[in-house]
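Letter by letter, the chains look like this.
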Amino acid sequence: MTLSKIWVVAEAAGGKPSSLTLELLTRARALAGTVEAFYAGPDGAALAPTLGDHGAATLFTVDPGDRLVGAPAAATLAGLAAQHQPDAILFGATYDGRDIAARLSARLDRPVLANGTSLDTDGDQLTVGTAIFGGNTLVDTALRGPKPHLGLFRPKSFPAEPAGGDPAAVVEVHVADAGRAGETRLLDRFVQEQDGPSLEDAPVVVSGGRGLGAADHYAMVESLATLLKGAAGASRAIVDAGWVPYSHQIGQTGKTVKPRLYIACGISGATQHLVGMKGSERILAINKDPEAPIFSIADLGIVGDVHTVVPKVIEALHARL
Ligand code: FAD
């Protein structure tokens, strides 16, 4: 352990810290003597027990009311960072995380390393791992300039594990003036309804690719996912083709998943897809081409037609109900 203090910018939904926040806290506490959290939003104090349980000793919380969170959060965070001097500030690669990190980077005149998938220390320097060239090459970048170092991390880069700590001590902070940028108001919020677990949290993910042949055939991917109490994902090819919404896309420009079981149906296994699912515990691939690259990372491969194999699996599962 070589850093003295790491901050994590927390996010929450439905009154609970996001999984990504807990993942960052878990990693931070392995690297620094003190871990603290910053949260911009309503009811910050309600997050203190879970954040504390994952390693945050203190929670700085600010409520920007109906303002768009990025500008007031960055202005407030800049003031707090000057006062408390954290070695590093970690953000989740979310819309708000990116917004706050970019604005803070400009305010503090510090670079921000985006798209991190690993985090380590080298002496008192922070090293952030990122995937480049479509996931073909992994690069470790050390931040050597003045602190605080800023990093944005992709979901599921680290496990989220409770440490059994006390609730974080809550410090309520006033919103700093962010000038004209801080005047943007949030007028409405749209939450996409979903049945079953989210892709990021599902223990089983069943994904379909161009090998399904037609948009209608995605229904069998969804049926299999539902039967396995999982979520349905997709390759970019079928998102681009308009068969399924972008929210299903897995890969470099989509979501990263790490389920216990990932089932790829008619997906070739392009590197841009693999970077989003190769951390799955077990991978089952169904593809009619025995040379398909997906088989190189599959624990179990079925060389066959998805239109034959998937209905058979569904039938067998139904027979067990
Ligand atoms: P294909 O590559 O066309 O593969 C279809 C597979 O189905 C083949 O292997 C074929 O053998 C098999 N098949 C065909 N018929 C059957 C059948 N009846 N039964 C069984 N198998 C069958 N891709 C992503 O997925 N996610 C990303 O986030 C992503 N980001 C990208 C970012 C960039 C900058 C770029 C350049 C590309 C990105 N891509 C991404 C695209 C990626 O390179 C591939 O084009 C895409 O993943 C291919 O999707 P696919 O496997 O469904 O289709």
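Please refer to the structure placed before this passage.
Residues numbered from 1 in each chain as written. Predicted model: local features only at pLDDT ≥ 70, side-chain atom pairs only at ≥ 80, totals over all residues. Heavy atoms only, no water.

1. Description of the overall build of the chain
No. 1: On a plain count of helices and strands, the chain comes out with eight helices and 16 strands.
No. 2: Here the chain has a C-alpha radius of gyration of 21 Å; the compact-globule value for 321 residues is 20 Å, and the two agree.
No. 3: Seen through its principal axes, the chain has C-alpha atoms that stretch 65 × 45 × 40 Å.
No. 4: Relative to its 321 residues, the chain shows a buried fraction of 47%.
No. 5: Residue pairs at least 24 apart in sequence account for 65% of intrachain contacts in the chain once pairs closer than 6 positions are excluded.
No. 6: Only carbon and sulfur atoms are counted for the fraction: they give 51% of the accessible area of the chain, which is about 15,600 Å².
No. 7: Taken as two groups, the 27 positive and 34 negative side-chain charges of the chain have centres that lie 3 Å from each other. (Helix = DSSP H or I, 4+ residues; strand = E, 2+ residues; numbered from the N terminus. Rg over C-alpha atoms; globule rule 2.2 N^0.38 Å. Buried < 20%, exposed > 50% of the residue type's maximum accessible area, 1.4 Å probe, protein only. Contact = heavy atoms within 4.5 Å. Areas by Shrake-Rupley, 256 points an atom, 1.4 Å probe, with all protein chains shown as cover. Lys, Arg positive; Asp, Glu negative; His and termini not counted. Charge placed at Lys NZ, Arg CZ, Asp CG, Glu CD.)

2. Section: the pattern of salt bridges
No. 1: Tallying each qualifying case throughout the model produces nine salt bridges.
No. 2: With a shortest N-O distance of 3.6 Å, K156 and E23 are connected by a salt bridge. Note that K156 is positioned in the loop between β10 (149–153) and β11 (169–172) and E23 in helix α1 (residues 19–31), a separation of 133 residues in sequence. Like E23, K156 is buried.
No. 3: R27 serves as the salt-bridge partner of D120, at 3.5 Å between the closest nitrogen and oxygen. Of this pair, D120 sits in strand β7 (residues 112–122) while R27 sits in helix α1, and the two are 93 residues apart along the sequence.
No. 4: By relative accessible area, D120 is classed as partly exposed at 39%.
No. 5: A relative accessible area of 22% means that R27 is categorised as partly exposed. (Salt bridge = Lys/Arg side-chain N within 4 Å of Asp/Glu carboxyl O.)

3. Quick look at the layout of surface pockets
No. 1: One number sums up the size of the second largest pocket: a volume of about 480 Å³.
No. 2: Around the second largest pocket sit 25 residues that line it, and R210, S235, G266, I267 and S268 are the ones nearest its centre.
No. 3: Breaking the lining of the second largest pocket down by element, the ones donating at least two residues are α6 (236–240), α7 (271–274) and α8 (306–320).
No. 4: Residue classes in the lining of the second largest pocket are distributed as six nonpolar, 14 polar and five charged. (1 Å grid on protein atoms, 1.4 Å probe; cavity = no way out; pocket = protein on both sides within 12 Å on 5 of 7 lines; lining within 4 Å. Points joined across faces, edges and corners; volume = space filled by probe spheres on them. Nonpolar A, V, L, I, M, F, W, Y, C, P; charged D, E, K, R; others polar.)

4. Here we look at the nonpolar core
No. 1: Counting 29 residues, the largest nonpolar core has I6, L51, L59, L90 and L119 as its most contacted members.
No. 2: Of all the secondary-structure elements, those providing two or more residues to this core are β1 (3–10), α1, β4 (32–40), α2 (48–53), β6 (88–92), β7 and β8 (125–132).
No. 3: For this core, the leading source of residues is α1, giving six residues.
No. 4: Leave out the neighbours within four places in its chain, and I6 touches A28, L31, A32, T34, V35, E36, A88 and L90.
No. 5: By size, the runner-up hydrophobic cluster in this structure holds 22 residues, among which are Y218, V239, V244 and C265. (Core = buried A, V, L, I, M, F, W, Y, C linked by side-chain atoms within 4.5 Å.)

5. A short note on the sheet that holds β1
By definition, the strands of a sheet pair up through backbone hydrogen bonds, in either a parallel or an antiparallel sense.
No. 1: If you walk across this open sheet you meet the nine strands as β9-β8-β7-β10-β6-β1-β4-β5-β11, and the pairing is mixed. Two strands close off the open sheet at either side, each with one partner strand: β9 (137–143) and β11. Strand after strand, the sheet turns through a mean of 30° between neighbouring axes, direction not considered.
No. 2: Pairing geometry for strand β5 (residues 58–62) and β11, over four bridges, is parallel. By the bridge assignment, T58 is partnered in β11 with A169. (Pairing = 2+ DSSP bridges. Axes fitted to C-alpha atoms, helices over the stretch in contact; angles between N-to-C directions.)

6. Some words on the site of the ligand
No. 1: The full set close to the ligand counts 25 residues, and R210, S235, T253, S268 and N287 are the nearest of them.
No. 2: T253 is positioned with one of its side-chain polar atoms (N or O) 2.7 Å from a nitrogen atom of the ligand.
No. 3: Within the contact set of the ligand, an oxygen atom lies 2.8 Å away from a side-chain nitrogen or oxygen of N287.
No. 4: Burial of the ligand by the protein amounts to 75% of the accessible area it has alone, namely 980 Å².
No. 5: Going through the elements one at a time, α6, α7 and α8 are the ones with two or more residues in the shell around the ligand. (Near = heavy atom within 4 Å. Polar contact = N/O pair within 3.5 Å; in protein donor to acceptor, adjacent residues only side chain to side chain.)

7. A word on the environment of A71
No. 1: Within the secondary structure layout, A71 lies in helix α3 (residues 70–84).
No. 2: A relative accessible area of 7% means that A71 is categorised as buried.
No. 3: For the pair formed by A71 and V244, sequence separation is 173 residues and the distance between their alpha carbons is 34 Å.
No. 4: Ignoring anything within four residues of it in the chain, the contact list for A71 reads R103, A178, A181 and G182.

8. Here's the deal with the packing of aromatic side chains
No. 1: With the rule as written, the count across this model stands at two aromatic pairs.
No. 2: Measuring from centroid to centroid gives 5.2 Å for W7 and F60, while their planes differ by 45°, and the two rings are tilted. Of this pair, W7 sits in strand β1 while F60 is found in strand β5, placing the two residues 53 residues apart along the sequence.
No. 3: You can call F60 buried: its relative accessible area is 3%.
No. 4: Between the aromatic rings of F153 and F158, the centroid separation amounts to 5.8 Å while the plane-to-plane angle is 55°, which identifies the pairing as tilted. For the pair F153 and F158, a shared accessibility class is recorded, and that class is buried. (Phe/Tyr/Trp six-rings, centres within 6.5 Å; stacked < 30°, edge-to-face > 60°.)

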